[in-house]
There are 2 protein chains.
Amino acid sequence: MKALVIAAGEGKRFRAGGFKGPKPLYPLLGLSLIERTIFGLREAGVDEIVLVLGYQQDEIRQYLEERGDLGVKIQVVVHPGWSAGNGTSVLAAQQFLREEPSFLLTMADHIVSQDVFKQLTANLPGPGEVLVGADFNLACRPDLREATKITVADNNRVVDIGKEIKEFSAVDCGVFHATPALFAALAEAQARGRYTLSDGIRVLAGRGRAFACSIGDAWWIDVDQPEDAKRARKLLLGQLPSPRDGLVARYLNRKLSVPLTGRLAQTGCTPNHVSLFTAFLCALSAVSFVFGSFLWGGLLAQIASILDGVDGELARLKYLRSHFGELFDSILDRYSDGVVLIGMAVGTYLQNSSPWVLVLGAAALLGAPMSMLMKEKFRSATGRTYLPAEEGPWVNLLLGNRDGRLFVVMLSGVLHVPLVGLTILALTSHLLVLVRFNLMRRQM
Amino acid sequence: MKALVIAAGEGKRFRAGGFKGPKPLYPLLGLSLIERTIFGLREAGVDEIVLVLGYQQDEIRQYLEERGDLGVKIQVVVHPGWSAGNGTSVLAAQQFLREEPSFLLTMADHIVSQDVFKQLTANLPGPGEVLVGADFNLACRPDLREATKITVADNNRVVDIGKEIKEFSAVDCGVFHATPALFAALAEAQARGRYTLSDGIRVLAGRGRAFACSIGDAWWIDVDQPEDAKRARKLLLGQLPSPRDGLVARYLNRKLSVPLTGRLAQTGCTPNHVSLFTAFLCALSAVSFVFGSFLWGGLLAQIASILDGVDGELARLKYLRSHFGELFDSILDRYSDGVVLIGMAVGTYLQNSSPWVLVLGAAALLGAPMSMLMKEKFRSATGRTYLPAEEGPWVNLLLGNRDGRLFVVMLSGVLHVPLVGLTILALTSHLLVLVRFNLMRRQM
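Report follows, based on the coordinates. Along each chain, residues carry numbers from 1 onward, in the same order as the chain's sequence is written. Naming scheme: in the order in which they are written, chains are lettered from A and ligands are numbered from 1. Totals for whole chains, interfaces and linings use all residues, but because this is a predicted model, local features are given only for residues with pLDDT of at least 70 and pairs of side-chain atoms are given and counted only at 80 or more. Hydrogens and water are ignored here; the side-chain numbers use all heavy atoms of the structure.

We now examine the pairing of strand β12 (residues 210–214) of chain B. Residues and elements named next belong to chain B. Accessible area is worked out with a 1.4 Å probe on protein chains only. A residue is then buried under 20% of its type maximum, exposed over 50%, and partly exposed in between. Put simply, DSSP marks the helices as runs of H or I at least four residues long and the strands as runs of E at least two long, and each gets a number from the N terminus on. The element β12 is extensively covered by neighbouring structure, given that four of its five residues are classed as buried. Examined bridge by bridge, strand β8 (residues 130–135) and β12 share five bridges and lie parallel to one another. Each residue of the ladder has a partner; that of V132, found in β12, is A212. Paired strands, as defined in this entry, are two strands with at least two bridges between them according to DSSP.

Let us now look at the state of the cysteines. Residues and elements named next belong to chain B. A pair of cysteine sulfur atoms is labelled a disulfide when the two atoms are within 2.5 Å. Taken as a whole, this structure holds zero disulfides over all chains when the rule is applied. Summary of cysteine pairing: C213 is not part of a disulfide, and the nearest cysteine sulfur, belonging to C173, is at 8.5 Å. Free of any disulfide, C269 has its nearest neighbouring cysteine sulfur in C282, separated by 16 Å.

Moving on, we get to the nonpolar core. In terms of nonpolar packing, the biggest core is built from 134 residues, with A:I111, A:I331, A:F437, B:I111, B:I331 and B:F437 touching the most fellow members. The contact definition used throughout considers only heavy atoms, calling two residues in contact when any of these lie within 4.5 Å. With near-sequence residues (within four places) excluded, B:I331 lies in contact with A:M370, A:L373, A:M374, A:V433 and A:F437. Counting 37 residues, the second largest nonpolar core, distinct from the first, contains A:A8, A:V132, A:L197 and A:I201. To qualify as a nonpolar core, a set must consist of buried Ala, Val, Leu, Ile, Met, Phe, Trp, Tyr and Cys residues joined through side-chain atoms within 4.5 Å.

Attention shifts here to the interface of chain A and chain B. Listed as interface residues are 33 residues of chain A and, on the opposing side, 33 residues of chain B. For the chain A and chain B pair, buried surface summed over both sides reaches about 3500 Å², with 79% attributable to carbon and sulfur atoms. As a working definition, buried area equals the accessible area (1.4 Å probe) given up by two parts on being put together, with both sides summed. Among the residues chain A hides against chain B, the three largest losses belong to A:F324, A:Y335 and A:K377. Together they make up 19% of the total. By salt bridge we mean one thing: a side-chain nitrogen of Lys or Arg within 4 Å of a carboxyl oxygen of Asp or Glu. Where chain A meets chain B, there are four salt bridges. The residue B:E326 makes a salt bridge to A:K377 at a minimum N-O spacing of 3.8 Å.

For the rest of this paragraph, the subject is the relation of the copies chain A and chain B. Fitting of the copies onto one another was done by least squares over C-alpha atoms, counting residues only where both copies have pLDDT of at least 70. In the superposition of chain A on chain B (RMSD 0.1 Å, axial shift 0.1 Å), the rotation amounts to 180°. Such a combination of rotation and displacement between the chain copies is what one expects of a two-fold axis. Among all residues of chain A, the minimum C-alpha distance to the rotation axis is found for A:S380, at 2.3 Å. An overlap of 100% is found between the interface residues of chain A and their copies at the interface of chain B, pointing to a shared contact surface.

Read these as layout, nothing more, since geometry by itself doesn't imply function.
What follows is the structure, encoded as C-alpha cells:
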C-alpha cells in the first residue's frame, strides 16, 4: 500500500519555540517527527511513501539521505508553491498516486498511535470516496480551538469540515484513507480560490463522498508547538508497558524502566546492547551470590529485572523490533535466569552444605524455563498470545513469570534467606506449570 | 466446505477375503475405512459431509452412531437403488448439494494421502465444471487393469474417461472437486441407460467441462481386496516420520517406533497415555542412575527416546492431534530430560564426588531446553517451522536435539562413562545454541 505524507509547511509557531531546523526534523525520543511518521506507516503495512516537501526542503532531503534505507521506498516531490495552502501540497503528489485504488494520507508533524493507522487501513473507501480519521472523544482534546472540526451525519457521512464550523461531533486527526478522487476535488476547490485540504474534502462531502472513520480511543497529536511534543513524548512512553507483564513488572519495574527508556532513546544505545548488559548484570549477581554477598546478588538481580523491560521498550519506541532481537533476548534471559539460580544455589551450599540445597537448586533450574516454554508453545500452536495478566490475581501472586522470579531472588538476597528463596522458586515454578496446564487447556 | 462420500456399494471381492461386515467398516490401523475418509476430509477443511449409504446401510449407520461426534456434521442419504451403478448414488445426494458453489466427492473405500485432498481443495472448478483428481504416475500403479483411466489433453482438459479406454495418460484417483453441474450430467447419462459416475463425467468431458487436477506424487489406494488394505497400511505408516527429526530419530528410533505405533493403533491407547508412560520411563532411568545402575539408566533413556516418537505418530495416524496434546507432550519431555540429567549427575557425584560433576550437571540442565526454546521462538516469531535436518550434517552430528541427547545418555550409561556423557551434553547443548543463533539469523 502507498501513503502520501505532507511535510511542506513552515510551522511558524513551532519555530518560535526556539528550534531552528524544519519542524519535521524535530527530535522526539530519538527519532525525528518525520521518521516516526515513516516508521509508523511502515509498521501499518505501507511499502511506498510519496513525500511532499516545500519549506526548507533541502535540509529534510539531506537528513533523510543521511539516514539511509528506512525500510520503505520514498518518492520525494518538491512543491515550491507550498505556502498557498496544504491542499496544493496534496495536489502536487497527484502524478504518483492517480493509479492507486486508495492510499493513506497524513502529515509529517502528526504523531499518532499505531491504532489510528490500524483503523484507517482496516476500512476501505469506496470508489471516489475519502475516509477521514475522526476523533469523537472531544472532551479529551486540549487544543480544540486549533483543530479541524467535522460534522458527521448518522450514517458516518461527513456533512461539513473546517476550523471555524460551529456544530461538530468530531475532529479530524490528520490521517485519511483517500482515493484519487481527492485530487479532482482539490483542483475544483482551488479553481474557486480555496487552497486547504479541508476545502477539497468539503467538495467530496458535498457529494456525499466523504465518510468519518472513528479512531476509537486511539490518541493523536498535531505537533504545533513545543508543548505538543512534550505531550506526545508522554503518550509514546505511556504505551510501552506490555499486556504480557506480570505483577512486579506492572507495578514496580515499568515505573523505572519507562523513564530510563525515555533517556536511552536519545542515545545510540540499541536493544541488543541493553539485552547484553542485562545478562552481564545477572552474571554479576550470580558471582555475588557465590562469594557470599547475598545483598548485592539480590540487588543486581532486581536491577537486571528492571533493565529486562528496557530492551523491548526501546525496540518498540524506536521501531527497532526484529525477530532475531526477540530470539536473542529470550534465549539470553533463559541463560541469565539459570546463571542466577546456579549462583544462588552454589552460594547457599557453600554456607550450608546440605544436599537439599542442591536438590532445590536443581528443581528451581528445571522449573525456570517452563513459564516461557508454555507461553511460546501456546502461541505457536494457537497463533494467539497467552496473557499471564488474565490468569487472575491468585495465579499472578505465584510470581512465576520472570519479573516475579527475579523479585523473589532480590527479596531472599536482601533478607539473607537464600534457602527460602530457592524453595519458593522451586515450588512456584512447578505449581505454575500445573495451574497453567489447566488454564491453557480451556483456551485451546 | 461440503463433501459427498459414497459408501453404498457391495465390495464383492472384498467379502471374498473373509471380512464379514460392509467394506467401509473394515478396520485399518485402528480406524475403519470410512472413518479415515471422514477424518481426512475434516483435516482438509470440510465441515459437512453428505454420506450416501446403500448396501448394509443399517450396520454402517449404527457403527457411526456408536462413534458419536466425529467433529464434522454428517447428513446420511439412504439410496436403495445403489446396485444400479455408483452414478445413481451420487445423484441421490443432489438435494443436499445443489446450492453449493462446489464440493469434494470421494468414495469411502479410497484411502488417500492428505496431499490428494490438499491438491483438490487448492484448485477451484469453474462454474459448471468438475475437477478429476488425476494420477499421472502410471508406472507406480500395481492395479492398472482395475483403474478408471482418463485421457487428458494439453490444457488439462479431460477428453475421455472409463475403465476400458485404450489411450490414456492418467488414472482417476477417486477424489473430485465438483460443482452441481455433475448432477445434471449424471441424469443425462442415466436417461441414455448409463449409470456410473464415469458416465456422468464423460458427459461433462464432451462439453469441455471436465479437467484433470494432478495429484503429483501423492499416493492413493482403492481398497478392493484385502491386499490393498495391506498396501494402504504400509503407506500410512511410511508417512509417519517427521521432517523435524534429528539424526538418531531418523536412522534408529523411527525404525522401531513406527512398527510399534502400527500395533498400538489397534488398541485403545491414546497419545497422552504414551507421553505419560515415556515420562515414567525417564523417571525410572533417573532412579537407575542414582542407584548406580548406569546400564539400566542408559537403556531406559533410549527406550523412552524411541517411545517419544510414538505419541506423535499415533496422534497423526488416528487423527487425534490436539494443541493441548502437543503442549502436554513437550512440557513433559522437558521435565523428563531434566529428571534424567539430574539423575545422571547425582549418580555420578555419588561415585565421584568432584564438584565438577555438579557444575557439568548444572550446565547440561541449563542447556537441555534451549534447543526446543529456540525452535518454538522461531516458529512463533516467523510463523515457519524450523527444520533441524536442514542445519547440515555437521550440526546434526552435535546431537543437540532430544533424540541425540538421549542417545548420548544411553551410550554413556551403557559404556559406564557418565562423566563423559555429562561433559558432552553440557558442551554440545550450548554449542548448538551458538550455531543455531547464526543459522536462524540468516532465516529471520
